[in-house]
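Listed here are the chains, written in short residue letters.
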Amino acid sequence: GSPSSLPHGDLFLVLVRSMARPVWLLLLLALAARRGAAGGCGPCLPERCPSVRCPAPELAARDECGCCPRCLGAEGERCGGRGAGGPRGPRCGPGLVCVSQARGGGGAAEGTGRCVCKEDGAVCGSDGRSYPSVCALRLLAGPQRVHKAHDGECKLAPVIVVPPKKIHNVTGAQVYLACEVKAVPTPIITWRKVTESPKGVKLLEELPGDRVNMAVQVRGGPSKHESTGWVLINPLMKEDEGVYQCHATNMVGETQAEGNIQVFEQSKSKKSNFLESDDMI
Ligand SMILES: *[C@@H]1O[C@H](CO)[C@@H](O)[C@H](O)[C@H]1NC(C)=O
């Protein structure tokens, strides 16, 4: 019989078989008695069952005696236990397996396993949200019938979380602009200097180009699915003044934001160092 209806079903079988083959009667009854003693399955009295509310309908099951409602283990919950004839630990819900954490021989102690998702890896739900596993989707999605849209995280066109700032400094200083982008998959972040031609046409010049005082850099973070790009300028020169555009692109989309650098000649601030340096910087 299925594990959820174990002792009752087996007892029925025992009675049927014992009528046909009396030879087995003693042996099977003895087995049933042992199991009954260990499992403690008396007559099923549903009104005595504790009330149980499972986090998801898929996790609703019955206890070892096939009587009282009980929840199967959700992802990450304890499970297992393998005592011969002894009480079994909770089983895991559909799509989950009980993995023992005990290393080496000797067998795992009761309830030391963990329910883990059979299918590894993040998935994207039909609700457009990412789930750490297909099991988490089934469980967290709750009653709304969310299904798996595809393997892997949901894609997200780049969004600029923190745009580059407007900064000012003196020539010779070391400055940088930063641009924080959220996107899945990881975006490509580039920097452009925005200039206007004498005819008023907007020109975008990819950085650093051949500038020796400029470098661009990208790193993951600070948060998950975020990348930060920088343009570093050292030493700052008067001609570095202007509008800087941070551009982010991935397979789903692209976006940009602008920052600005204003440059003061150092000689000016040097002359007035004692009088108005605070105003200048
Ligand atoms: C100018 O740059 C220097 C570093 O070279 C920095 O210490 C200073 O804070 C900057 N000033 C402003 C106003 O950002």
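Right, let's walk through the structure included here.

Conventions used here
- One numbering rule holds for all chains: residues counted from 1, following each sequence as written.
- pLDDT decides what is reported in this predicted model: residues at 70 or higher carry local features, side-chain atom pairs at 80 or more are listed and counted, and totals for whole chains, interfaces and linings draw on all residues regardless.
- Only hydrogens and water are set aside when side-chain values are computed; all heavy atoms of the structure are taken into account.
- At least two DSSP bridges between two strands are needed for those strands to be called paired.
- Numbering of helices and strands starts at the N terminus; helices are DSSP runs of H or I of at least 4 residues and strands are runs of E of at least 2.
- Angular values range over 0 to 180 degrees, each being the angle between N-to-C directions of two axes fitted as lines to C-alpha atoms, with helices fitted over their stretch in contact.
- Salt bridges are identified by distance alone: a Lys or Arg side-chain nitrogen within 4 Å of an Asp or Glu carboxyl oxygen.
- Each residue is assigned to one of three classes by its accessible area relative to the maximum for its type, calculated with a 1.4 Å probe on protein chains only: buried under 20%, partly exposed between the two thresholds, exposed over 50%.
- Cavities and pockets were defined on a 1 Å grid built from protein atoms only: a cavity is a group of points that admits a 1.4 Å probe but offers it no way out, a pocket is an open group of points flanked by protein on both sides within 12 Å along at least five of seven lines, and a lining residue is one with an atom within 4 Å of any such point.
- Grid points are joined across faces, edges and corners, and a volume is the space filled by probe spheres set on the points.
- Three categories are distinguished: nonpolar for Ala, Val, Leu, Ile, Met, Phe, Trp, Tyr, Cys and Pro, charged for Asp, Glu, Lys and Arg, and polar for the others, with Gly belonging to the last.
- Without a salt bridge and with relative accessible area above 30%, a residue can belong to a patch; like charges are then joined within 9 Å and nonpolar side chains (Val, Leu, Ile, Met, Phe, Trp, Tyr) within 5 Å.
- Note on areas: Shrake-Rupley, 1.4 Å probe, and residue coverage restricted to the protein chains presented here.

1. Concerning the sheet that holds strand β16 (residues 242-250)
Right, on to step 1. The five strands are arranged β10-β17-β16-β12-β13 in an open sheet whose pairing can be described as mixed. Each edge of the sheet is formed by a strand with only one pairing partner; in this case those strands are β10 (166-170) and β13 (202-206). When the angles between neighbouring strand axes are averaged without regard to direction, this sheet yields 30°.
Right, on to step 2. As defined by bridge partners, strand β12 (residues 188-196) adjoins β16 across seven bridges and the pair is classed as antiparallel. Residue pairing for β16: T190 is matched across the bridge by H247.

2. Section: the pattern of salt bridges
Right, on to step 1. Taken as a whole and judged by the stated rule, the model has seven salt bridges.
Right, on to step 2. Close ionic contact of K224 with E153 constitutes a salt bridge, the shortest N to O distance being 3.4 Å. Of this pair, K224 sits in the loop between β14 (214-220) and β15 (226-233) while E153 sits in the loop between β8 (148-151) and β9 (156-162), placing them 71 residues apart in sequence.
Right, on to step 3. Since its relative accessible area comes to 24%, E153 is described here as partly exposed.
Right, on to step 4. E206 is the partner of R192 in a salt bridge, and the nearest nitrogen-oxygen pair spans 3.7 Å. On the criterion of sequence distance, the pair formed by R192 in strand β12 and E206 in strand β13 is long-range, its members being 14 residues apart.
Right, on to step 5. Take R192: its relative accessible area is 17%, and that puts it in the buried class.

3. With respect to the pairing of strand β17 (residues 253-264)
Right, on to step 1. Across five bridges, β10 lies against β17 in parallel orientation. Directly across from N169, in β17, lies its bridge partner V263.
Right, on to step 2. Of the pairings in the sheet, the one linking β16 to β17 comprises nine bridges and is antiparallel in character. Within β17, the residue paired with Y244 across the bridge is G259.
Right, on to step 3. The turn joining β16 and β17, which pair antiparallel and follow one another in sequence, is formed by two residues.

4. Overview of empty space enclosed by the protein
Right, on to step 1. Applying the stated criterion across every chain yields a total of two cavities of 30 Å³ or more.
Right, on to step 2. Volume-wise, the largest cavity comes out at about 90 Å³.
Right, on to step 3. Around the largest cavity sit A56, E58, L59, A74, E75, P94, L96, C135, R138 and L139, which together line it.
Right, on to step 4. Here the element with the most residues in the lining of the largest cavity is helix α3 (residues 134-140); it accounts for three residues.
Right, on to step 5. Class assignment of the residues belonging to the lining of the largest cavity gives a composition of seven nonpolar, no polar and three charged.
Right, on to step 6. Taken as a whole, the second largest cavity encloses approximately 40 Å³ of empty space.
Right, on to step 7. If you go around the second largest cavity, the residues you meet are A61, R62, R70, C71, L72, P90 and R91.
Right, on to step 8. Listing elements by their share of the lining of the second largest cavity, those giving two or more residues are β1 (60-62) and β2 (69-71).

5. Observations concerning a nonpolar patch on the surface
Right, on to step 1. On the surface, V97, V99 and V116 cluster together into a nonpolar patch covering about 180 Å² of accessible area.
Right, on to step 2. Structurally, the position occupied by V99 is in strand β4 (residues 96-100).

6. Here's the deal with the sheet that holds β4
Right, on to step 1. With respect to topology, three strands assemble into an open sheet ordered β3-β5-β4, the strand pairing being antiparallel. In this open sheet, the two edge strands, each paired with only one partner strand, are β3 (78-79) and β4.
Right, on to step 2. Bridge count between β3 and strand β5 (residues 113-117): two bridges; the pairing is antiparallel. Its bridge partner being in β5, C79 is matched across the sheet by G113.

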